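Chain by chain, the residues:
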Amino acid sequence: MTTNRTFTMIKPDAVEKGHIGAILEKINSAGFKIVAMKFTQLSKGDAEKFYEIHNERPFFADLVQFMTRGPIVAAILEKENAVEDFRALIGATNPAEAAEGTIRKMFATSISENAVHGSDSDENAAIEGAFHFSGREVY
Ligand code: CMP
């Protein structure tokens, strides 16, 4: 079942560089409706839990360090075919491989500091959204 929702984070690298506004503009222009949003900072425990699926990977410690070093913007986005369309909008995980005009091509610097997160499935979008937002914070 498709929920027409995805979850995103504007990561600490993009926040530090002042790209929140430009990234939200790209998201809105692409037809996504923001149904939940907050400016927050992940604790070490939050990041370890959120990225649990990657905890055996060699980059896990660096990923946790990076994602906790400053604030992020977390949001739930709504659009028909949201997960797939948002992944197309942000581009490949590695910005060097991301298509021209994608958010990562424009704002990311490396595979680890890649500006934005986008859920990879409807199931994970629901899990990740619920990680950051209670029901009453979603509109
Ligand atoms: P994202 O897809 O949002 O969630 C997992 C993150 O792990 C990914 O973004 C990158 O920030 C990071 N990541 C994935 N692969 C690598 C890698 N090979 N080296 C470093 N970081 C990675």
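Quick caveat: nothing in here was measured; it's all calculated off a predicted structure.

What counts and how
- Residues numbered from 1 in each chain as written.
- Predicted model: local features only at pLDDT ≥ 70, side-chain atom pairs only at ≥ 80, totals over all residues.
- Heavy atoms only, no water.
- UniProt positions renumbered as here; feature names shortened; annotations may be inferred.
- Helix = DSSP H or I, 4+ residues; strand = E, 2+ residues; numbered from the N terminus.
- Contact = heavy atoms within 4.5 Å.
- Buried < 20%, exposed > 50% of the residue type's maximum accessible area, 1.4 Å probe, protein only.
- Core = buried A, V, L, I, M, F, W, Y, C linked by side-chain atoms within 4.5 Å.
- Pairing = 2+ DSSP bridges.
- Axes fitted to C-alpha atoms, helices over the stretch in contact; angles between N-to-C directions.

A. Main features of the UniProt feature "binding site: ATP" (unreviewed entry) in the chain. This chain's UniProt record puts "binding site: ATP" (unreviewed entry) on Lys-11, Phe-59, Arg-87, Thr-93, Arg-104 and Asn-114. With respect to the secondary-structure elements, Lys-11 resides in the loop between β1 (5–10) and α1 (12–16). In this structure, Lys-11 is in contact with Tyr-51, Phe-66, Met-67, Ile-72, Asn-114, Ala-115, Val-116 and His-117, ignoring residues within four places of it in sequence. With respect to the helices and strands, the residue Asn-114 is situated in the loop between α6 (103–107) and β4 (116–118). Overall, Asn-114 belongs to the buried group, its relative accessible area being 3%. Those residues within four positions of Asn-114 in sequence are excluded, and the remaining contacts are Lys-11, Asp-13, Thr-93, Arg-104 and Ala-108.

B. Structural view of the nonpolar core. Formed by 19 residues in total, the largest nonpolar core has its most connected members in Ile-10, Ile-23, Ile-27, Phe-32, Phe-86 and Ile-103. Elements supplying a minimum of two residues to this core: α1, α2 (20–29), β3 (72–78), α5 (82–90) and α6. By size, the runner-up hydrophobic cluster in this structure holds 17 residues, among which are Ala-47, Tyr-51, Phe-60 and Ile-72.

C. Region of the structure containing the sheet that holds strand β2 (residues 33–40). Taking strand neighbours across the sheet as the criterion, the 4 strands line up as β2-β3-β1-β4 in an open arrangement whose pairing is antiparallel. The outermost strands of the open sheet, each flanked by one partner alone, are β2 and β4. On average, each strand axis in the sheet is inclined to that of its neighbour by 15°, with strand direction left out of account. Judged from the 7 bridges that link them, β2 and β3 form a sheet pairing that is antiparallel. Within β3, the residue paired with Thr-40 across the bridge is Ile-72.

D. How the structure looks around the environment of Phe-66. Inspection of the secondary structure assignment puts Phe-66 in helix α4 (residues 60–67). In this structure, the C-alpha to C-alpha distance between Phe-66 and Gly-101, residues 35 residues apart in sequence, is 25 Å. Setting aside residues no more than four positions away along its own chain, Phe-66 makes contact with Lys-11, Pro-12, Asp-13, Ser-112 and Glu-113.

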